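One letter stands for each residue in the lines below.
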Amino acid sequence: MMAVDARRVTRYFGVYAALRQASFQIPPGACMALLGRNGAGKTTLIRLLAGLNVPSEGAVTVFGADPTHAEGRRSIGFLGHGSGLYDELSAEENLLLAARVARLPDAAAKVREWLRRVQLERVAHNRPHEYSRGMRQRLALARVLIGGPRLLLLDEPLTALDDRATAMVRGLLQEAIADGATLLMSTHHLSEGMQLASHVLLLDRGAVVYCGERTHAMLTDPASVYALCGDKA
Ligand SMILES: Nc1ncnc2c1ncn2[C@@H]1O[C@H](COP(=O)(O)OP(=O)(O)OP(=O)(O)O)[C@@H](O)[C@H]1O
Ligand SMILES: [Mg+2]
C-alpha cells in the first residue's frame, strides 16, 4: 500500500487553483523532498495530506485511509508554518502532552530522551515563547517525532536552523526513516533537501512537474531541478 496516494487533486481558493489536477504517490519508506517556488502550492498540499484542508476535486489517501478521519490522522505527524506548541506550557510539558496523546508507555523517560536529542534539556522548564526561533523549531520537531508517526508531513522544517541544528535535524529525520517512517518535507534549502531525499516532488504553479527518484544530477546541481519548470530564473 502506498503511504500517500493523490489522484487528480485540485484545490481552489476562490477562483484561483492552488493545486491543479495533482496526481502522485509516495511509496512507504520514501524520503520525499517537496520543492517549488513561493506560491507553488507546497503548503496547500501538505495541509491537504494532513487532513487540515480538503480537495475541491480529486482525492487523497494516507495508508489507504482518509486523512480527515481519525484512522488516517493517527498515522500522521504534521509540522506546519506554526509550531503547534502551547505557549502556556514549558518545553517539557509540551512534549509530555504529545507523548500522552500518542499513548507512549513511559512518557516521562521519552520526554527526557527527546529533550536531550534536540539539546534543550537545560531549558526544559522554559516556555516556547522564551526560545529563539531555531530552538522553537527543534522543540516543534521533537513534539512531532516523539510519537513515532508513520508519515511525517513537515513544512519547511529546516527554516531558521543554523548549520549545527540543521545537521542535528538531518540526523533525526534519517533515524525516523531508518525506523520505517515515510517523510514528505518541503524546503527551499535545495542542496540539504537533495542530500536527504530519496525522492523529489516538484510543483510549479499548482501542477506536478516531477515526481520520482532523486537523480544524481539533482544532487550535484540542485538548482537545475527548476529547469523542469521551464523557466530560466
Ligand atoms: N487560505 C488561502 N486563501 C487564499 N489563497 C490561498 C490560501 N492558501 C494559499 N493560497 C494561495 O495558493 C497559492 C499556493 O500557496 P502555498 O502556501 O501552498 O504555496 P507554497 O508553495 O507553500 O509557498 P511558500 O514557498 O511561499 O511557502 C498561493 O498563490 C496562495 O496565495
Ligand atoms: Mg509554504
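Residues numbered from 1 in each chain as written. Chains lettered and ligands numbered in written order. Predicted model: local features only at pLDDT ≥ 70, side-chain atom pairs only at ≥ 80, totals over all residues. Heavy atoms only, no water.

This brings us to the side chain of serine 75. Within the element layout of this structure, serine 75 appears in the loop between helix H2 (70–73) and strand S5 (76–79). Once residues within four sequence positions are removed from consideration, serine 75 is found in contact with Val62, Phe63, Pro149, Arg150 and Leu151. (Helix = DSSP H or I, 4+ residues; strand = E, 2+ residues; numbered from the N terminus. Contact = heavy atoms within 4.5 Å.)

This structure, assessed with the given rule, holds 6 salt bridges. Residue glutamate 175 is joined to arginine 117 by a salt bridge in which the shortest nitrogen-to-oxygen separation is 2.0 Å. Taken together, the residues glutamate 175 in helix H6 (residues 163–178) and arginine 117 in helix H4 (residues 107–117) connect sequence positions 58 residues apart. Classification of glutamate 175 as partly exposed rests on a relative accessible area of 37%. Here the salt bridges do not stand alone but share partners, grouping Lys110, Glu113, Arg117 and Glu175 into one network. (Salt bridge = Lys/Arg side-chain N within 4 Å of Asp/Glu carboxyl O. Buried < 20%, exposed > 50% of the residue type's maximum accessible area, 1.4 Å probe, protein only.)

An order of S2-S1-S4 is seen for the 3 strands of this open sheet, with the pairing classed as antiparallel. Edge positions in the sheet fall to strand S2 (16–26) and strand S4 (57–62), since each of these pairs with one other strand and no more. Within the sheet, the average angular offset between the axes of one strand and its neighbour, ignoring direction, is 25°. As judged from the 5 bridges shared by strand S1 (residues 4–13) and S4, these two strands associate in the antiparallel manner. Within S4, the residue paired with valine 4 across the bridge is valine 62. Lying over the sheet, helix H1 (residues 42–49) contacts S1, S2 and S4, oriented at roughly 60° with respect to S2. (Pairing = 2+ DSSP bridges. Axes fitted to C-alpha atoms, helices over the stretch in contact; angles between N-to-C directions.)

As assigned here, the protein comprises domain 1 (1–75 + 150–233) and domain 2 (82–148). Using only C-alpha atoms to locate each centre, domain 1 and domain 2 end up separated by 24 Å. A buried area of about 1,100 Å², summed over both sides, lies between domain 1 and domain 2, and 71% of it is on carbon and sulfur atoms. Three residues stand out in domain 1 for area buried against domain 2, namely Ala160, Met168 and Leu172, and they jointly supply 42% of the buried area on that side. Here domain 1 is connected to domain 2 by 1 salt bridge. Partitioned by chemical class, the residues of the side of domain 1 that touches domain 2 number 11 nonpolar, 1 polar and 3 charged. (Domains from an automatic or database assignment. Buried area = accessible area lost by both parts, 1.4 Å probe. Nonpolar A, V, L, I, M, F, W, Y, C, P; charged D, E, K, R; others polar.)

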